[in-house]
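# Residue-level structure breakdown
One letter stands for each residue in the lines below.
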Amino acid sequence: MKKLLALLLALLMLVPLVVSCANNNSDSEGESTTKSTASENGTNETDTGEKVDVPDTKYGKDLTFLCFNDSGEWSVVDIYTEKDSDDVLKSAIFQRNLYLKDTYDVTIKEVQEKDIAAKAKTEQASNSDAYQAYIAPLNTSAALASQSYLYDLAGGDVPYINLSKSWWDQSANAGLSIGNQIYFATGDLLTIDNDATFILMFNKKMVENMSGTLTSPYELVTNNQWTLAKFREMVELARKDLDGNAADANSYKNDQFGLAGGQEMVLAFFYASNMTSATKDADDLPVFALSDKNAQTKADDYFKWAKEVLYNKESTVIFHEIGTGSSFQDAMDCFTTNRSLFYGECLQCVTRMRKYNIDFGIIPYPKYDENQDNYYGYVNTVAQVVAVPKTNTGDSLEMTGATIEAMAAKSQSTLTKAYYDINLISKGTKDTESEPMLTIILENRIFDLGYVYEWGKLVSGNFITIAKSGNGFSSKIKTYERSYNKGLNETLKAFKLK
């Protein structure tokens, strides 16, 4: 995702910043971002000079998105806002949509539903054209694709959508394709998929206070020394019994820990170790990735580490394992009261954390070891993606493809920039050290087909159980593989690839 993001951010530093959480000059932002990128001869270009290959046409139509709404934090917020706002993100959305109206005479609309799958089924059965595009969670979108409800965005079914462009997430494209077919995608068009990406936050004050013992995580990441072993070392060094009592059911309220977060960290550390449940063959068809003996050995080693580090109650607080087992606030409180060195959660929690009196940094999850080629990120399936339903036909389909492509391209200099602002501005100051870390995280995410399509419930179900026990993965591999391949083959049959 955001292939040219680092370049764009560098260029933006050459001009005065016009928006921030502390100084919301929405009038100035509106003046700069409402200028059309269409030149006199009709050629559209992004701020980075990349050509947007859509016709210079005034469509005079509405583009209505069917969007997910769970009446909470994972409702879609990227598509529509009624008016301009002092809120940086809302202003970016408004200005982008105003550009689309001015340039293509397309009005962006949305209808939000909690059960996208049920609504889509009704729409397909009645052949309704009420919605030109869907934005739904990854696993919901996978289910819709399996029922042949969606167009292939990579095969030319939807005119003008070009997934090779930088405003589309190339990691997502590579991970989510099946037989070179891609039924849903993400990129600069959306930020909610970024929110669902897991990151580590660290307490800068604690690192500073233990400077003789702890190395700056920023430095470790930059020097390729940020590994599972190093992380474990720091977690163990940070833990302290502050109340003099032995570890008990209420220790999370009083003691100091190395790590706090939720059980999804099991998946975050797994993917950060550059492991997946699915890989691809020469025909871009998925195969079970963990049948190889070397892969099993690595997985066994990882799950043993997870048991010893993540489920060590003296050094780690996992909110699913304490209190009511349902309140993320229990783990967050450890971090916000300076009683946890690290906090593992999704990016959405960063904006929440900025409200607390805590100085923290953002870093990727650690590598398996120093031989690993890159840092990798985990994306929860609550992440939203865009898809186009087969009920959309004719001129409407052409308008949809052209507008979504232009919308994604324009979002590169509006929505993405605003997203960086809201996540990096703290108390009126930009967190410049975390900025390159955020780029590393968002540009190197793993989209695992086995997790997205929930084959055999291996990742979403069994992985956490295995981590708690610390063993049992390779010993049960035949059972896991059989169940996994059953689900995989059903998907291939649905796509007429088997």
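Predicted model only: the values in this text are computed from it and were never measured. (Residues numbered from 1 in each chain as written. Predicted model: local features only at pLDDT ≥ 70, side-chain atom pairs only at ≥ 80, totals over all residues. Heavy atoms only, no water.)

### Notes on the overall build of the chain
Using the following cut-off: Strands are runs of DSSP state E lasting at least two residues, helices are runs of H or I lasting at least four, and both sets are numbered from the N terminus onward. Accessibility here uses a 1.4 Å probe with only protein chains present; expressed as a share of the type maximum, an area under 20% marks a residue as buried, one over 50% as exposed, and anything in between as partly exposed. Contacts between residues were defined by any pair of non-hydrogen atoms, one from each residue, lying within 4.5 Å. Only the protein chains shown count as cover for residues, with accessible areas throughout obtained via the Shrake-Rupley method and a probe of 1.4 Å.
Within the chain, the secondary structure is distributed over 20 helices and 17 strands. Among the 498 residues that make up the chain, the fraction classed as buried is 56%. Within the chain, counting contacts between residues at least 6 apart in sequence, those at least 24 apart form 78% of the total. Surface summary for the chain: the accessible area is close to 19,800 Å², and the carbon and sulfur share equals 46%.

### Concerning the pairing of strand 5 (residues 133-137)
Inclusion rule: Criterion used throughout: strands pair if DSSP finds at least two bridges between them.
The buried fraction of strand 5 amounts to five of the five residues, a majority that puts the element mostly inside the structure. One ladder, built from three bridges, connects strand 3 (residues 61-68) with strand 5; its direction is parallel. Looking at the pairing, Phe65 lines up with Ala133 of strand 5. Relative to strand 14 (residues 384-387), strand 5 runs antiparallel, the two sharing four bridges. Across the sheet, residue Tyr134 finds its bridge partner in strand 14, namely Ala387.

### Re the packing of aromatic side chains
Note the cut-off: For Phe, Tyr and Trp, rings pair up if their centres lie within 6.5 Å, where Trp contributes its six-membered ring, and each pair is then called stacked (planes under 30 degrees apart), edge-to-face (over 60) or tilted (otherwise). Ring-over charges, as used throughout, are those where CZ of Arg or NZ of Lys falls within 6 Å of the ring centre and within 35 degrees of the ring normal.
Per the stated rule, a full pass over the model turns up 31 aromatic pairs. On the basis of an interplanar angle of 20° and a centroid distance of 5.6 Å, the ring pair of Phe335 and Tyr343 is categorised as stacked. Across this residue pair, the class does not change: Phe335 and Tyr343 are buried. Each ring, one from Tyr378 and one from Tyr451, has its centre 5.8 Å from the other, and the planes form 45°; the classification is tilted. Of this pair, Tyr378 sits in strand 13 (residues 377-378) while Tyr451 sits in helix 18 (residues 449-452), placing them 73 residues apart in sequence. In terms of burial, Tyr378 and Tyr451 fall into one category: buried. Lying over the aromatic face of Tyr368, Lys298 brings its terminal NZ or CZ to 4.7 Å of the ring centre.

### Side note on the sheet that holds strand 7 (residues 257-261)
Where we set the bar: Simply put, an axis is a line fit to the C-alpha atoms, just over the touching stretch for a helix, and the angle between two N-to-C directions goes from 0 to 180 degrees.
Strand order in this open sheet of five strands is 10-7-11-6-12, and the pairing throughout is mixed. Lying at the two open borders of the sheet, with one neighbouring strand each, are strand 10 (316-318) and strand 12 (360-363). Between one strand axis and the next, the sheet turns through 20° on average, direction left out of account. In this structure, strand 7 lies alongside strand 10, joined through three bridges in parallel fashion. Pairing of Leu259 across the sheet is with Thr316, part of strand 10.

### Some points on the pattern of salt bridges
Rule in force here: Should a side-chain nitrogen of Lys or Arg be within 4 Å of a carboxyl oxygen of Asp or Glu, the pair is scored as a salt bridge.
Overall, the coordinates contain 20 salt bridges when judged by the stated rule. Between Lys280 and Asp284 there is a salt bridge, with the nearest N and O atoms lying 3.1 Å from each other. The class for Asp284 is buried, based on a relative accessible area of 13%. Of the charged contacts in the structure, one is a salt bridge between Lys430 and Glu435, with a shortest N-O distance of 3.7 Å.

### Observations regarding the nonpolar core
Inclusion rule: We call a set of buried residues a nonpolar core when its members are Ala, Val, Leu, Ile, Met, Phe, Trp, Tyr or Cys and they connect through side-chain atoms within 4.5 Å of each other.
Formed by 164 residues in total, the largest nonpolar core has its most connected members in Phe65, Phe184, Tyr302 and Leu310. Those residues in contact with Phe184 that lie beyond four places of it in its chain are Leu138, Ser141, Ala142, Ala145, Leu150, Leu153, Leu176, Val385, Val386, Ala387, Val452 and Tyr453.

### As for the sheet that holds strand 3
Read from one edge of the open sheet, four strands run 4-3-5-14, paired in mixed fashion. Sheet topology places strand 4 (106-113) and strand 14 at the edges, where each strand pairs with a single neighbour. Neighbour to neighbour, the strand axes of the sheet diverge by 20° on average, direction disregarded. Packed onto the sheet, helix 5 (residues 138-146) meets strand 5 and strand 14 and runs at close to 125° relative to strand 5. Contacting strand 3, strand 4, strand 5 and strand 14, helix 15 (residues 394-411) crosses the sheet at an angle of about 70° to strand 3.

### A word on the environment of Leu144
Among the structural elements, Leu144 can be located in helix 5. For Leu144, a relative accessible area of 2% corresponds to the buried category. In this structure, the C-alpha to C-alpha distance between Leu144 and Pro389, residues 245 residues apart in sequence, is 9.1 Å.

### Examining the packing of helix 10 (residues 228-238) against helix 12 (residues 293-309)
As a reminder, the rule being used: Angular relationships are summarised with four words: roughly parallel below 35 degrees, roughly antiparallel beyond 145, roughly perpendicular across 65 to 115, and oblique for the angles in between. Each residue is assigned to one of three groups, with Ala, Val, Leu, Ile, Met, Phe, Trp, Tyr, Cys and Pro labelled nonpolar, Asp, Glu, Lys and Arg labelled charged, and all others, Gly among them, labelled polar.
Between helix 10 and helix 12, the shortest axis-to-axis distance is 11 Å and the interhelical angle comes to 10°. With respect to their mutual orientation, helix 10 and helix 12 come out roughly parallel. Here Leu228, Phe231 and Arg232 of helix 10 lie close against helix 12, whose contacting residues are Tyr302, Trp305, Glu308 and Val309. By residue class, the composition of the contact of helix 10 with helix 12 is five nonpolar, no polar and two charged.

### Comments concerning the side chain of Thr103
Here is the rule we go by: What qualifies as a polar contact is a pair of N or O atoms within 3.5 Å, subject to a donor-acceptor requirement within protein and to the restriction that residues adjacent in sequence count only when both atoms come from side chains.
Within the secondary structure layout, Thr103 lies in helix 3 (residues 88-104). With a relative accessible area of 5%, Thr103 lands in the buried category. Within the structure, Thr103 has its side chain in polar contact with the backbone oxygen of Tyr99 (distance 2.8 Å).

### Description of the state of the cysteines
The condition is simple: Note that a disulfide, as used here, is simply two cysteine sulfur atoms within 2.5 Å.
A complete count under the given rule lists zero disulfides for this structure. No disulfide involves Cys346; its sulfur sits 4.2 Å from that of Cys349, the nearest cysteine. Given a relative accessible area of 5%, Cys346 falls into the buried group.

### A short note on the environment of Tyr149
Mapped onto the elements, Tyr149 comes out in the loop between helix 5 and helix 6 (170-176). As for Tyr149 and Gln124, which are separated by 25 residues in sequence, their C-alpha atoms are 7.1 Å apart. Beyond its immediate sequence surroundings of up to four residues, Tyr149 is in contact with Ala120, Lys121, Gln124, Leu144, Val388, Pro389 and Lys390.

### Re the confidence of the model for the chain
Low-pLDDT portions of the prediction should not be read for the details of their coordinates. Here is the rule we go by: pLDDT is a residue-level measure of predictor confidence that goes from 0 to 100.
Across the chain, pLDDT averages 89, with 89% of residues at or above 70. Here residues 1-43 scores under 50 on pLDDT; set against residues more than four positions off or in separate chains, the count is 79 contacts.

### Description of the packing of helix 11 (residues 265-272) against helix 12
To keep things clear, this is the line we draw: The crossing is said to be left-handed when, going from far helix to near helix, the turn is anticlockwise and less than a right angle, and right-handed when the turn is clockwise.
The geometry of helix 11 relative to helix 12 is characterised by a closest axis approach of 11 Å and an angle of 140° between their N-to-C directions. By the criterion of interaxial angle, the relationship of helix 11 to helix 12 is oblique. Between helix 11 and helix 12 the crossing geometry is right-handed. On the side of helix 11, the interface is formed by Met265, Val266, Phe269 and Phe270, while helix 12 contributes Tyr302, Phe303 and Trp305. A class-by-class count of the residues in the contact of helix 11 with helix 12 yields seven nonpolar, no polar and no charged.

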